[in-house]
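Structural overview for review
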Amino acid sequence: MAGPKQVDRGRWDELVGLIEQARYEYYQKDAPTLSDAEYDQLFVELQHLEERFPELQKADSPTQTVGGDRSEMFEPVEHLERMMSLDNAFGLGEFAAWAARVERDLGEVPAMLCELKIDGLAVDLVYRDGRLESLATRGDGRVGEDVTYNARFIPGIPKRLTGAPSLVEVRGEVYFPVAEFNALNEQMLDLGRSPFANPRNAGAGTLRQRVDRRQAEITAREQSGRKVSEKATADLQRGIDALGRLRLTVHGLGVLDGQRPALLSQAYEQMRSWGLPVSDRARVAPTIADVEAYVKEFEAKRHSLEHEIDGVVVKVDDLAIQSRLGATSRAPRWAIAVKYPPEVVRTRLLDIEVNVGRTGRVTPFAVMKPVRVSGTTVSMATLHNAHEVQRKGVLIGDMVFLRKAGEIIPEVIGPVVEERTGAERAFVMPTHCPACGTALAPAKEGDVDIRCPNARSCPAQLRERLNHVGSRGALDIEGLGWKSAIALLDDHLVEDEGDLFFLDEPALLRSAFFRRAGDELTENARVLLAQLELAKTRPLWRVLVALSIRHVGPTAAQALAREFGSMDAIRSATVEQLSAVDGVGPTIANALHEWFGVDWHAAVVDKWERAGVRMADAVVAGPGPLTGKTIVITGTLTGWSRDGLTERLQELGAKVTGSVSKKTDYLIAGENAGSKYAKAESLGVPILSEDRLAEIGVEA
């Protein structure tokens, strides 16, 4: 094969430079300007280039070295045993290829230990005679930074071990729990600083601060009679408070004085017995199928965990086999990290536009260069309100960090300030509605949201409300979507949502959208008419949701329907009576009272009633088999729709709520159950799968 050309050598130099700069920003500055996905892409390209042209590879190539170095801010600590990086497998296909190589080398696939890959900072801890002697960052794998002083403020790091050998070196991950990370980022934004892109950077920046120097400087000033500024004292306290939020999970054993166990899983149990925090989720997988099941399980539970993860680490459990497999210059051959799709990426913020919602709220949203994140391509993300845009400090034209966790709407985290060129510009919130020209204003004094008060005839609000009526969470009308709503309004077939249920074939034939050649209705139009008839039979709570009353979602609507049973009873109830309903409260009660007090709102309800829309639920004769039971549904169902099961449970007398508590009698869990499943487990709430619904009287 021909050797590398000049262009190949040039690309190798470029990749090495980019990766080394990214490592410096990541490990030394704790302020990366590349996302993890971008770094991985560069690293993989460099690996492939060196595989094609081995002569390009050097001893100090990033592919041959552990990422990171030691900062001169800290004293050096030489690890007793070298700390290594891990090779990555991007998906189960690459993991299967790695497992095949292990099988080829050994003649079999040994049992594997699976554990979560926490998004934190790798550290090395040394205990002598049971006492913590040193806490150090990984550094270059041989020499790290001494951050032992900061350990005194971190409750998650044990200062003494019980029953441990005279010398113990362990490896672990220091991290921020999700709740603490979110609180820290809120604090950063409130202080006018850029937020951390992920918990790893936040943890690294927090752990690698010189609290000792700050304390010494303040003490010296106090002792010399000089004034200590409030800012210096506040900064020190914030640093100490942040350290107190950190936690540790141990995931490896270095040097040990005494007999080493035969299995890594046994070593974990030993470390747990000494008082070290070992994850309860680590699990031995006897087969490759078991490993794959573990990877899939925690990808589904990824967002219900107390800490961020970006994959699963798979290690050969037998320590003797680990020794046989050995290591490369940077990573062991007996372990691999199976990475999940990235949830934080970088992209360019091209513009900030506004959307007018069905209740008149005007919401800025980011228009971005399309980017792949969490398995989908994203080009827009919410920015909530003008205050949030200002608080996050984003400018049009910025390179931004974007996050999309599971089904959550994509969110702009903040700008990559280092990438600014000076051509960026600030977003200016409009003063008038872009759809109807009405002057915008907060709904109430002190409200951070601004709204278009022209609810009656604003085209944007009308489109959004019509679209909402047909949505799955409301009346679930197939054929009534965004394009249909636009056609109904543009062709004056309806003036507002009150006219929907009077639509008929002659009316739809007046619109080119619903008519095809030969003056016949399109299939979509016929489906729409049939679905409108079916929607008239929906239960009361769905009708309430479909009316677009501010704050009234499915949970509150179901509570109101259970309590009052009819639209007339809800309309005539006082604010006090509405507030007293479990799951409603004063905010929703006032919103309901104000909504029904508007003449044209009442006219919409009257029109629907005249058209035959169901305005009362059937009275159940006597208690049902589930009367008095509180049930929560989570995950993806296969035999039922979520709403269909909810309605069936309510028919049987159950109260269906949206959150798990001690009062919950059952959790019905489908596939990919998340945080509700974890909470139910912790509270001891009985969990039922779909195939066990018959146990509580629900037949398919």
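Anything mentioned here points back to the structure above.
Quantities reported herein were computed from a predicted structural model and do not represent experimental measurements. (Residues numbered from 1 in each chain as written. Predicted model: local features only at pLDDT ≥ 70, side-chain atom pairs only at ≥ 80, totals over all residues. Heavy atoms only, no water.)

**Observations concerning the overall build of the protein chain**
Counting its regular elements, the protein chain contains 24 helices and 24 strands. Taking the principal axes of the C-alpha coordinates as reference, the protein chain spans close to 85 × 70 × 60 Å. Among the 700 residues that make up the protein chain, the fraction classed as buried is 48%. Counting contacts in the protein chain only where the partners sit at least 6 residues apart, residues at least 24 apart contribute 67% of the total. A total of about 32,700 Å² of accessible surface is found on the protein chain, and carbon and sulfur atoms cover 50% of it. (Helix = DSSP H or I, 4+ residues; strand = E, 2+ residues; numbered from the N terminus. Buried < 20%, exposed > 50% of the residue type's maximum accessible area, 1.4 Å probe, protein only. Contact = heavy atoms within 4.5 Å. Areas by Shrake-Rupley, 256 points an atom, 1.4 Å probe, with all protein chains shown as cover.)

**What to know about unusual backbone geometry**
At D476, a position not held by glycine, the phi torsion is positive, near 50°. Checked against the element boundaries, D476 lands in the loop between helix 13 (459-469) and helix 14 (482-490). Among the residues examined, D476 registers a relative accessible area of 31% and is labelled partly exposed.

**A closer look at the pairing of strand 15 (residues 399-403)**
Where a strand is regular, its side chains alternate between the two sheet faces. Of all five residues making up strand 15, four are buried, and the element is well covered by its neighbours. Two elements, strand 15 and strand 16 (residues 411-415), share four bridges in a ladder whose sense is antiparallel. Its bridge partner lying in strand 16, V400 is registered against P415. (Pairing = 2+ DSSP bridges.)

**Regarding helix 10 (residues 288-300)**
If you check helix 10, its first and last C-alpha atoms are 19 Å apart, about what 13 residues at 1.5 Å a residue would give, namely 18 Å. Of all the positions in helix 10, only V291, Y294, V295 and F298 are classed as buried. All buried residues of helix 10 project into a common sector of 95° when viewed along the axis, lining one side. Helix 10 presents A289 and K296 as exposed residues on the side facing more than 90 degrees away from its buried surface. (Expected span 1.5 Å × (residues − 1). Arc of directions from axis to C-beta.)

**Examining the sheet that holds strand 4 (residues 121-128)**
Read from one edge of the open sheet, four strands run 5-4-7-8, paired in antiparallel fashion. On the outer flanks of this sheet lie strand 5 (131-137) and strand 8 (247-256), each paired with one strand and no other. Pairwise comparison of adjacent strand axes, ignoring direction, gives a mean angle of 25° for this sheet. The pairing of strand 4 with strand 7 (residues 167-175) spans eight bridges and is classified as antiparallel. Directly across from D124, in strand 7, lies its bridge partner R171. (Axes fitted to C-alpha atoms, helices over the stretch in contact; angles between N-to-C directions.)

**Describing the side chain of D398**
By secondary structure assignment, the location of D398 is in the loop between helix 12 (386-392) and strand 15. A distance of 2.7 Å separates a polar atom in the side chain of D398 from a polar atom in the side chain of R420. Each residue touching D398, except ones within four places of it in the same chain, is listed here: T347, R348, L349, G393, P415, R420 and E424. (Polar contact = N/O pair within 3.5 Å; in protein donor to acceptor, adjacent residues only side chain to side chain.)

**Overview of helix 21 (residues 585-596)**
Between its terminal C-alpha atoms helix 21 stretches 17 Å, which fits the 16 Å expected from twelve residues at 1.5 Å a residue. Those residues of helix 21 not exposed but buried are G585, I588, A589, A591, L592, W595 and F596. One side of helix 21 carries all its buried residues, which in axial view fall inside an arc of 160°. In helix 21, those exposed residues whose orientation departs by more than 90 degrees from the buried face are P586 and T587.

**Considering the nonpolar core**
In terms of nonpolar packing, the biggest core is built from 58 residues, with I477, L488, F501, L503, L508, M567 and W608 touching the most fellow members. In this view, M567 contacts L540, V543, L544, L547, F596, V605 and M615; residues no more than four positions away in its chain are not counted. (Core = buried A, V, L, I, M, F, W, Y, C linked by side-chain atoms within 4.5 Å.)

**Describing the state of the cysteines**
Two cysteines, two sulfur atoms, one covalent bond between them: this is a disulfide. Scanning the entire structure with this criterion turns up zero disulfides. C433 forms no disulfide, and the closest cysteine sulfur to it belongs to C436, at a distance of 3.7 Å. Note on C433: relative accessible area 4%, which makes it buried. Unpaired in terms of disulfides, C452 finds its nearest cysteine sulfur in C436, a separation of 3.5 Å. (Disulfide = S-S within 2.5 Å.)

**Here we look at the pattern of salt bridges**
Applying the stated criterion to the full structure yields 30 salt bridges. Here E115 and K315 are joined by a salt bridge, their closest N and O atoms 2.6 Å apart. A residue pair is termed long-range when its members are at least 10 positions apart, and E115 in strand 3 (residues 112-118) and K315 in strand 10 (residues 309-316) qualify at 200 residues. With relative accessibility at 9%, the residue K315 sits in the buried group. The salt bridge involving D398 is made with R420; its shortest N-O contact spans 2.7 Å. Pair noted here: D398 is in the loop between helix 12 and strand 15 and R420 is in the loop between strand 16 and strand 17 (441-442), with a separation of 22 residues, a long-range link. The exposure class assigned to R420 is partly exposed, which follows from its relative accessible area of 30%. (Salt bridge = Lys/Arg side-chain N within 4 Å of Asp/Glu carboxyl O.)

**Some details on the side chain of Q650**
Along the chain, the position of Q650 falls in helix 23 (residues 642-651). In this structure the side chain of Q650 is engaged in a polar contact, spanning 3.5 Å, whose partner is the side chain of Q558.

**Quick look at the environment of A136**
Examined against the element boundaries, A136 turns out to sit in strand 5. Assessed through its relative accessible area of 0%, A136 is described here as buried. Sequence-wise, A136 and D146 are ten residues apart; in three dimensions their C-alpha atoms are separated by 4.7 Å. In this view, A136 contacts V77, H79, A122, V123, D124, E145 and V147; residues no more than four positions away in its chain are not counted.

**Quick look at the sheet that holds strand 21 (residues 630-634)**
Strand pairing in a sheet is mediated by backbone hydrogen bonds. Such pairs are either parallel or antiparallel. Judged by pairing direction, the sheet is parallel, and its four strands sit side by side in the order 22-21-23-24 without closing on themselves. The open sheet has two free edges, formed respectively by strand 22 (655-657) and strand 24 (687-688), since each of these has just one partner strand. The sheet contact formed by strand 23 (residues 666-669) and strand 24 spans two bridges and is parallel. The residue bridging L667 from the neighbouring strand is I687, located in strand 24. In the packing of helix 23 onto the sheet, contacts are made with strand 21, strand 22 and strand 23, and the angle to strand 21 comes to roughly 170°.

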